[in-house]
Amino acid sequence: MIRRREFITLLGGATATWPLAARAQQPAMPVVGFLRSGTPTSVPRERLTAFRQGLREAGFVEGQDCAVEYRWADNQLDRLPALVADLLRRPVAVIVTNTPGAVAAKAATTMVPIVFTTGDDPVGAGLVASLNRPGGNVTGVSFMTVELGAKQLGLLHELRPAATRIAVLVDPKFPTTERFVSEVRAAASAIGQQIEVLNITSDREIESAFTALVQRGAGALLVGTGAFMETNRELIVALAARHALPASYVLREYVLAGGLMSYGAKISDTYRQAGIYAARILKGEKTGDLPVMLPTKFELVINLKTAKALGLEVPPPLLARADEVIE
C-alpha cells in the first residue's frame, strides 16, 4: 500500500514529465526558405514586409507559426546550388525564390515545393508546364518584365522623340535578359529606332558603360532588370542624372531613388502573393494545383523633379496617363 507522501512524490514526478511529452508530440514549426540571387539590399524592405503580410493573411506569422531561413547569393549565381542544398538539409517545407533560384531549386528537388517570383514567362523559361495547371512542385507569380520591354521603349520614344539612339543597359548573366533584349530589338525595329545594348556584369563596369553609351550618342536609356541591377539601382540612377540621360526602369523603386520613369507591375503585390502561396502550401495544398499568378495592373510612375533637373518637359498626354507623379 502506497503511503500518502510516496503518492504525492510519484504524482509530482509524473506531472513533471507531461509537458516534455506533450512538446515532443507537437509538430515542429515549418520552415520557409527565402532564397535570392542578389544581396539583401537588392530586396527593399517593403517587399519583405509584403511577403510576411502574405504569410500572415493565410494564417502564418513568422516566428510564431513558421520560421523563415534567408539565403543570399550576392549576385554570384554559381553559389545558388549550394544554397539550395543547404536549405534542403535544413529541411525546409517550401522555397520562395526568384528566377535563378527557382532554376537551381528545380534542378535539385522534385519533392520540396518551390514558389517563384519572376519577370519572365514561366512556361517559356521552363519553370512550369502551364500557367493554369503548373504540375510538379513549382508554381509562383510573374510580374512580366520581359514583355514590358517594348512598352518601355515606346514610352521613352514618346518622351524623347528626337533621340536617334536609345541605350539598353542589362546584366547578360540574368536569365531573363536575352528575351528582354529580343523584345526591345523587335519593338525598336518596328518604329525605326536605333538601340545600343551594353552589358554590365560587375560594379566597376557600370561607370564605364555610362561613359561608352554617352560617347556613342545615346539620347535616352532603358534599364533592364535582375538582382545585380537592383543591387546597384542607386548608382545607376545617380549616373543617369550625372550624364543627363532620361532613363526608364521596370521597377518603381528606381523612381523613388530619383529615376525619371518606370512602367511595370507593383512588385510588392508579387511578394505578397508569394507569401500567400507559401502559406497555402504549408496548409497542405498541392503546388501543382496552384495556378501561376499574373499581374492585372501596370503602373506608370513619373518623377517630375527629375524631369525638371534634366530640363525635360513631360508631354501632357504622357503625364495624364501616369498612375503616380512624384514632385
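Being a predicted model, the structure only gives us computed values, none of them experimental.

**Concerning the nonpolar core**
Then step 1. Ranked by size, the top nonpolar core spans 50 residues in total, and within it Leu169 and Phe210 carry the most contacts.
Then step 2. The element that contributes the greatest number of residues to this core is helix α11 (residues 267-282), accounting for 8 residues.
Then step 3. Among residues more than four places away in sequence, those in contact with Leu169 are Leu198, Ile200, Ala209, Phe210, Leu221, Leu222, Val223, Gly224, Met229 and Ile236.
Then step 4. Within the second largest apolar cluster, 26 residues are counted, among which are Leu148, Leu153, Val184 and Ile302.

**Re the packing of aromatic side chains**
Then step 1. A full pass over the atoms with the stated rule returns 5 aromatic pairs.
Then step 2. A ring pair is formed by Phe34 and Phe51, whose centres lie 5.0 Å apart and whose planes are at 50°; its orientation type is tilted. Taken together, the positions of Phe34 in strand β1 (residues 31-36) and Phe51 in helix α2 (residues 45-57) put the pair 17 residues apart, joining distant regions of the chain.
Then step 3. The buried category is assigned to Phe34, whose relative accessible area is 0%.
Then step 4. Here the aromatic rings of Phe34 and Tyr70 are separated by 5.5 Å at their centres, their planes lie at 55°, and the arrangement is tilted. Remark: Tyr70 occurs in strand β2 (residues 67-72) and Phe34 occurs in strand β1; sequence separation between them is 36 residues.

**Digging into the sheet that holds strand β5 (residues 138-142)**
In a beta sheet, neighbouring strands are held together by backbone hydrogen bonds and run either parallel or antiparallel to one another.
Then step 1. Read across the open sheet, the 5 strands follow the order β2-β1-β3-β4-β5; overall the sheet is parallel. Single-partner strands in this sheet number two, and they are β2 and β5. Neighbour-to-neighbour, the strand axes of the sheet open up by a mean angle of 20°, direction not taken into account.
Then step 2. Here β1 pairs with β2 via 6 bridges, running parallel. Paired with Val32 across the strands is Val68, a residue of β2.
Then step 3. In the packing of α2 onto the sheet, contacts are made with β1, β2 and β3 (94-97), and the angle to β2 comes to roughly 150°.
Then step 4. Of the strands in this sheet, β1, β2 and β3 touch helix α3 (residues 80-89), which is tilted by about 175° from β1.

**Details of the pairing of strand β6 (residues 165-170)**
Then step 1. Across the 6 residues of β6, 5 count as buried, placing the element largely inside the fold.
Then step 2. With 6 bridges joining them, β6 and strand β7 (residues 194-199) adopt parallel strand pairing. Each bridged residue has a counterpart across the sheet, and for Leu169 the counterpart in β7 is Leu198.
Then step 3. Each parallel crossover has a hand, and for β6 linked through helix α6 (residues 177-191) to β7 it is right-handed.

**What to know about the confidence of the model for the protein**
Detailed reading of the predicted coordinates is not advisable wherever pLDDT falls low.
Then step 1. Averaged over all residues, the pLDDT of the protein equals 90, while 92% of them reach at least 70.
Then step 2. pLDDT under 50 marks residues 1-26. Its contacts with residues more than four places away, or in other chains, come to 2 contacts.

**Description of the pattern of salt bridges**
When charged atoms on two side chains of opposite charge get close, those side chains can pair.
Then step 1. Inspection of every chain in the model, using the stated rule, returns 17 salt bridges.
Then step 2. The residue Glu57 makes a salt bridge to Arg272 at a minimum N-O spacing of 3.0 Å. Taken as a pair, Glu57 in helix α2 and Arg272 in helix α11 lie far apart in primary sequence, 215 residues in all.
Then step 3. Accessibility expressed as a relative area gives 28% for Arg272, which makes it partly exposed.
Then step 4. Each of Glu69, Arg71, Asp86, Arg89 and Arg90 takes part in salt bridges that share partners, so that together they form one network.

**Some thoughts on the environment of Arg71**
Then step 1. Looking at where Arg71 falls in the secondary structure, it is placed in strand β2.
Then step 2. We classify Arg71 as buried; its relative accessible area is 16%.
Then step 3. Between the C-alpha atom of Arg71 and that of Gly288, which follows or precedes it by 217 residues, the distance is 24 Å.
Then step 4. In contact with Arg71, not counting residues within four places along its chain, are Phe34, Leu35, Arg36, Leu83, Asp86 and Leu87.
Then step 5. Of the polar contacts made by the side chain of Arg71, one reaches the side chain of Asp86; its length is 2.7 Å.

**What to know about the pairing of strand β10 (residues 261-265)**
Then step 1. When you tally the buried positions in β10, you get 5 out of 5 residues, the bulk of the element.
Then step 2. Sheet topology places strand β9 (residues 247-249) next to β10; 2 bridges connect them, and they run parallel. Residue pairing across strands places Tyr249 opposite Ser262, the latter belonging to β10.
Then step 3. As judged from the 5 bridges shared by β10 and strand β11 (residues 298-303), these two strands associate in the antiparallel manner. Bridge pairing links Ala265 to Phe298 in β11.

Quick notes on the rules
- Position numbers for residues count from 1 along each chain, tracking the sequence in the order it is written.
- It should be noted that, the model being predicted, local features are given only for residues of pLDDT at least 70 and side-chain atom pairs only at 80 or more, the latter also being counted only at that level, while totals for whole chains, interfaces and linings use all residues.
- Only heavy atoms go into the side-chain values, all of them from the structure, while hydrogens and water stay out.
- We define a nonpolar core as any set of buried Ala, Val, Leu, Ile, Met, Phe, Trp, Tyr and Cys residues linked to one another through side-chain atoms lying within 4.5 Å.
- Burial here depends on accessible area, computed with a 1.4 Å probe over protein chains only, as a share of the maximum for the residue type. Under 20% is buried, over 50% is exposed, and the range in between is partly exposed.
- By the criteria applied, helices consist of DSSP H or I runs no shorter than four residues and strands consist of E runs no shorter than two, each listed in order from the N terminus.
- Contact between two residues is taken to exist if any of their heavy atoms lie within 4.5 Å; hydrogens are not considered.
- Classification of ring pairs rests on two measures: the distance between centres of Phe, Tyr or Trp rings, Trp counted by its six-membered ring, which must be within 6.5 Å, and the angle between planes, read as stacked under 30 degrees, edge-to-face over 60 and tilted in between.
- Strands were regarded as paired on the criterion that DSSP finds at least two bridges between them.
- Every axis corresponds to a line fitted to the C-alpha atoms, with the helix fit spanning only the stretch in contact, and the corresponding angles, defined between N-to-C directions, vary from 0 to 180 degrees.
- Look down the strands so they point away from you; if the path from the first strand over the helix to the second goes clockwise, the crossover is right-handed.
- One confidence number per residue, pLDDT, is output by the predictor and ranges from 0 to 100.
- By salt bridge we mean one thing: a side-chain nitrogen of Lys or Arg within 4 Å of a carboxyl oxygen of Asp or Glu.
- Polar contact is the term for a pair of N or O atoms within 3.5 Å; when the atoms are in protein, one must be able to donate a hydrogen and the other to accept it, and sequence-neighboring residues count only if both atoms are side-chain atoms.

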